[in-house]
Amino acid sequence: MSKPKIATTSLCGCFGCHMSLLDIDERILKLIELVDFDRSPINDLKHIQGPVDIGFVEGGCANEENVKVLQEFRKNCRVLISVGDCAINGGIPAMRNMVPLEECYEEAFVNGPTVVNPTGEVPNDVEIPLLLDKVYPCHEVVKVDYHLPGGPPSADTLWAALSALLTDQPVELPYELVKYD
Ligand code: SF4
């Protein structure tokens, strides 16, 4: 019988949530026995080969490429899990939502204290993904089945959620795994 497949992707995040997944330490050996990996830090595939049973997404949507990647990922995941505060509510990148986009560009490329840009030009190569008007959490772009809060969620939290899903149990995490004080 084929094993369930899992995949992960990172949008506007810092890869800290992926590091937390890798932080399950020796349990990674058990995981490798239980599942096959599609796109993930284990094999470094750049695109999901799909379809998979469980997908983890880290980071919110800050630009058009994030949206495309997320939509493709959603299409290929039976269950999609938003992992970490950036995926769930935009996290630190969403701080720019309080400032008009034009001012963000000015600060980053024209007038910022560490910027040297005599022409005052803002990068506009077609290869650079366009920024969205604001940073969006994943569930505002596609349907998300579960949210695992934390910045990042602990390895134990990720392991508990994954174990529940792989054994067809309800994902009911104890308070200790979802409190942050
Ligand atoms: S939630 Fe924290 S660790 Fe995860 S991507 Fe965002 S900043 Fe990085």
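Counting starts from 1 at the beginning of each chain's written sequence and moves along it residue by residue. At least 70 in pLDDT is required for a residue's local features to be given in this predicted model, at least 80 for side-chain atom pairs to be given and counted, and no such filter applies to totals for whole chains, interfaces and linings, which use all residues. By convention in this description, side-chain values take in all heavy atoms of the structure and omit both hydrogens and water.

Engineer: Give me the lowdown on the site of the ligand, citing residues and values where you can.
Structural biologist: The criterion for a residue being near a molecule or strand is simple. One of its heavy atoms has to lie within 4 Å of it. Close to the ligand lie Gly13, Cys14, Gly16, Cys17, Glu58, Gly84, Asp85, Cys86, Gly150, Gly151 and Pro152, which account for all nearby residues. Among the secondary structure elements, those contributing two or more residues to the shell around the ligand are helix H1 (16-22) and helix H4 (84-89). Here a strand is any run of E in DSSP of at least two residues, a helix any run of H or I of at least four, and the numbering for each starts at the N terminus. If one sorts the elements of the shell around the ligand by residue count, H4 sits on top with three residues. Amino acids outside the nonpolar list (Ala, Val, Leu, Ile, Met, Phe, Trp, Tyr, Cys, Pro) and the charged list (Asp, Glu, Lys, Arg) are all regarded as polar, and Gly is one of them. Across the shell around the ligand, the residue classes break down as four nonpolar, five polar and two charged.

Engineer: Explain the nonpolar core residue by residue, including any values.
Structural biologist: Buried Ala, Val, Leu, Ile, Met, Phe, Trp, Tyr and Cys residues that are joined via side-chain atoms within 4.5 Å together make up what is termed a nonpolar core. Residue burial is assigned from relative accessible area. The probe radius is 1.4 Å, only protein chains are included, and a residue is buried under 20% of its type maximum, exposed over 50%, and partly exposed in between. Within the largest apolar cluster, 20 residues are counted, with the highest numbers of intra-cluster contacts made by Ile6, Leu31, Ile54, Phe56 and Ile81. For this core, the secondary-structure elements that each account for two or more residues are H1, helix H2 (27-34), strand S3 (52-58), strand S5 (77-83) and helix H6 (155-166). Examining the composition of this core, we find that six residues originate from one element, H6, more than from any other. Two residues qualify as a contact provided that any one of their heavy atoms is within 4.5 Å of a heavy atom in the partner residue. In this structure Ile6 touches Leu31, Val35, Asp36, Phe37, Asp38, Val52, Ile54 and Leu162, once residues within four positions along its chain are discounted.

Engineer: Give me the lowdown on a nonpolar patch on the surface, citing residues and values where you can.
Structural biologist: Note that patches include only residues with greater than 30% relative accessible area and no salt bridge, and the join distances are 9 Å for like charges and 5 Å for nonpolar side chains (Val, Leu, Ile, Met, Phe, Trp, Tyr). Each accessible area value is a Shrake-Rupley result obtained with a 1.4 Å probe; residue values ignore everything except the protein chains displayed when judging cover. Note on definitions: salt bridges are taken to be side-chain nitrogens of Lys or Arg within 4 Å of carboxyl oxygens of Asp or Glu. Side chains of Ile92, Met95, Met98 and Val99 sit close together on the surface and give an oily, nonpolar patch of about 450 Å² of accessible area. Position of Met98 relative to the elements: it lies in the loop between H4 and helix H5 (101-111).

Engineer: If you had to explain the pairing of S3 to someone new, which residues and values would you point to?
Structural biologist: Among the seven residues that make up S3, six are buried, leaving the element largely enclosed by the rest of the structure. Following DSSP output, two strands are said to pair if at least two bridges run between them. Bridge count for strand S1 (residues 5-10) against S3 is five bridges, and the pairing is parallel. What sits directly across from Ser10, in S3, is Glu58. Sheet analysis places S3 next to S5, joined by six bridges and oriented parallel. The partner of Glu58 across the bridge, within S5, is Val83.

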